Amino acid sequence: MIDSFSFQLYSARSLTPLSAQFDLLAGLGYKLVEPYSGLFGDIPELKRLLAQHGMRAPSAHVGLDRLRTDAKGAALLCRDLGVDLLIAPAPPPGEREGGEEQWRSIGRELKTIGAVVTGEGLKFAWHNHHWEYGKTADGTTFLDCLFQEAPDMLWEADLAWIVRGNGDPVAEIQKHAHRLAAVHIKDIAPAGECLDEDGWADPGHRVMNWDAIRPALAAAGVKLFVAEHDKPSDVARFARRARDTVASWS
């Protein structure tokens, strides 16, 4: 497995306790994981499991609500975990479909938050869903609105959510290559399939055009690849298939 391949622990949330997730991933050869805010209630346990399995967390998702309340504290917590890249994953419910001014307002907040996070020695990025591919009256995407308001902010591109937002992942990779810090590797099932998994699929096993996406990622110099599935019916199957797909790219 390539050194820069990680696993978003949100994908394994149905597998409990947390130690079972680490046992599974370590057994499959994973060395990197991407925690999320839901796991921050027991930092000592998270640190213990990372140390026990010889794993690292180079990136982590931290909810915007938490960053608004205490950006410095969140940054210090992440730094203590060994995190280098702090990622805000989404606006809270109720702030996702309000149009251009709402997204620009979030962007201005992110600029302020980013200054606090980078002031603590971490990098700061945004993770997209499909909402960011809504457009203003002149055709500007809401993602571009965020970046215009927070020009120094990096990006963790969720490639399949770009497609679900009717965006072109190759074009987006090329357009934002200078801020692309990481990517979420996931796939989409054909229409009508994998309904119990909300239409998501394991990387390399459905419709995403990896033959076009992979060269774009290479040209952009992306170093951190993170496997994610929003609702896997079988966590072990997803983790194994994601590992095998990305290993075949090496």
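Keep in mind that what you see is a predicted model, and the values were worked out from it rather than measured.

Moving on, we come to the overall build of the chain. Along the chain, the regular secondary structure elements total nine helices and ten strands. For a compact globule of 250 residues, the expected C-alpha radius of gyration is about 18 Å, and the chain comes in at 17 Å, within 12% of that figure. With the C-alpha coordinates aligned to their principal axes, the bounding extent of the chain is approximately 50 × 40 × 35 Å. Expressed as a percentage of the 250 residues in the chain, the buried residues total 55%. In the chain, the share of contacts with a sequence separation of at least 24, taken over all contacts with a separation of at least 6, comes to 73%. Per element, the accessible surface of the chain, about 10,400 Å² overall, is 49% carbon and sulfur. For the chain, the distance from the average site of its 27 positive side-chain charges to the average site of its 35 negative ones is 3 Å.

This brings us to the pattern of salt bridges. If you walk through the whole model with that rule in mind, you get 21 salt bridges. We note a salt bridge from K47 to D80, for which the minimum N-O separation is 3.0 Å. Pair noted here: K47 is in helix α2 (residues 43-52) and D80 is in helix α3 (residues 64-81), with a separation of 33 residues, a long-range link. Through salt bridges with shared partners, a single ionic network connects E100, E101, R104, R108 and E149.

The subject of this paragraph is α3. Given a rise of 1.5 Å per residue, 18 residues ought to cover 26 Å, yet the end C-alpha atoms of α3 are separated by just 19 Å, more than 12% below that figure. D70 marks the point of greatest bend in α3, at about 115°. Among the residues of α3, L64, L67, A71, A74, A75, L77, C78 and L81 are the ones counted as buried. In the core, the buried residues of α3 are packed alongside α2, β3 (59-61), β4 (85-88), α4 (100-119) and β5 (123-127). Of the residues flanking the end of α3, it is G82, one or two places downstream, whose phi is positive at about 90°.

So, about the packing of α3 against α4. Here α3 crosses α4 at 15°, and the two axes come no closer than 9 Å. On the basis of their axis angle, the class for α3 and α4 is roughly parallel. When you trace α3 past α4, the crossing you get is left-handed. Here α3 contributes L64, L67, R68, A71, K72 and A75 to the contact with α4, which in turn contributes I106, E109, L110, I113, V116 and V117.

Moving on: the pairing of strand β6 (residues 154-158). The buried fraction of β6 amounts to five of the five residues, a majority that puts the element mostly inside the structure. Of the two faces of β6, the one holding L154, E156 and D158 and the one holding W155 and A157 are both buried throughout. Of the pairings in the sheet, the one linking β5 to β6 comprises three bridges and is parallel in character. Following the sheet pairing, A125 is matched in β6 by L154. Handedness of the crossover joining β5 and β6 through helix α5 (residues 142-149): right-handed. Pairing geometry for β6 and strand β7 (residues 180-185), over four bridges, is parallel.

With that settled, consider the sheet that holds β4. Strand order in this open sheet of eight strands is β2-β1-β10-β7-β6-β5-β4-β3, and the pairing throughout is parallel. Both edges of this open sheet fall to β2 (32-34) and β3, since each of them pairs with a single strand only. Put simply, the sheet's adjacent strands are angled 30° from each other on average, direction ignored. As paired elements, β7 and strand β10 (residues 224-227) share four bridges and run parallel to each other.

Side chains of a nonpolar character, in soluble globular proteins, are inclined to be buried together. Residues L110 and L159 are the most contacted members of the largest nonpolar core, which totals 78 residues. Of the residues forming this core, the biggest block, eight residues, is contributed by α3. Counting residues in each nonpolar core, the second largest holds eight residues, with L32, L85, A125 and V226 among its members.

Moving on to the environment of G165. Locating G165 in the fold gives a position in the loop between α6 (159-164) and α7 (169-175). Taking relative accessible area as the criterion, G165 reaches 12% and is therefore assigned buried. Between the alpha carbons of G165 and T69 there is a distance of 30 Å; along the sequence they are 96 residues apart. Setting aside chain neighbours within four positions, we find G165 in contact with H130 and Y133.

Conventions used here
- Per chain, residue numbering runs from 1 following the sequence as it is written.
- Per-residue local features of the predicted model are confined to residues with pLDDT of at least 70, and side-chain atom pairs are confined, for both listing and counting, to 80 or more; whole-chain, interface and lining totals are unaffected and use all residues.
- Computation of side-chain values: all heavy atoms of the structure, hydrogens and water removed.
- Helix and strand definitions follow DSSP, with helices as H or I runs of at least four residues and strands as E runs of at least two, each counted in order from the N terminus.
- Radius of gyration here uses only the C-alpha atoms, and the compact-globule reference equals 2.2 Å multiplied by the residue count raised to the power 0.38.
- Working definition: with a 1.4 Å probe on protein chains only, accessible area under 20% of the residue-type maximum means buried, over 50% means exposed, and in between means partly exposed.
- Contact criterion: two residues are considered in contact whenever any of their non-hydrogen atoms come within 4.5 Å of each other.
- For every accessible area listed, the method is Shrake-Rupley and the probe measures 1.4 Å; residues are considered covered only by the protein chains on display.
- None of His or the chain ends enter the tally, which takes Lys and Arg as positive and Asp and Glu as negative.
- Note on charges: their place is set at NZ of Lys, CZ of Arg, CG of Asp or CD of Glu.
- We count a salt bridge whenever a side-chain nitrogen from Lys or Arg sits within 4 Å of a carboxyl oxygen from Asp or Glu.
- Given a helix with a known number of residues, its expected span is that number minus one, times 1.5 Å.
- Each residue is assigned a bend, namely the angle between axes fitted to the seven residues that terminate at it and the seven residues that start at it.
- A fitted line through C-alpha atoms represents every axis, and for helices the fit uses only the stretch in contact; the resulting angles, taken between N-to-C directions, go from 0 to 180 degrees.
- Angle categories: roughly parallel below 35 degrees, roughly antiparallel above 145, roughly perpendicular from 65 to 115, and oblique for all the rest.
- Note on convention: the crossing is left-handed when the near helix lies turned anticlockwise from the far helix by less than a right angle, right-handed when the turn is clockwise.
- Each pair of strands is called paired provided DSSP finds at least two bridges between the two strands.
- Seen with the strands pointing away from the viewer, any crossover whose path from the first strand over the helix to the second strand runs clockwise is right-handed.
- In these notes, a set of buried Ala, Val, Leu, Ile, Met, Phe, Trp, Tyr and Cys residues joined through side-chain atoms within 4.5 Å is what counts as a nonpolar core.

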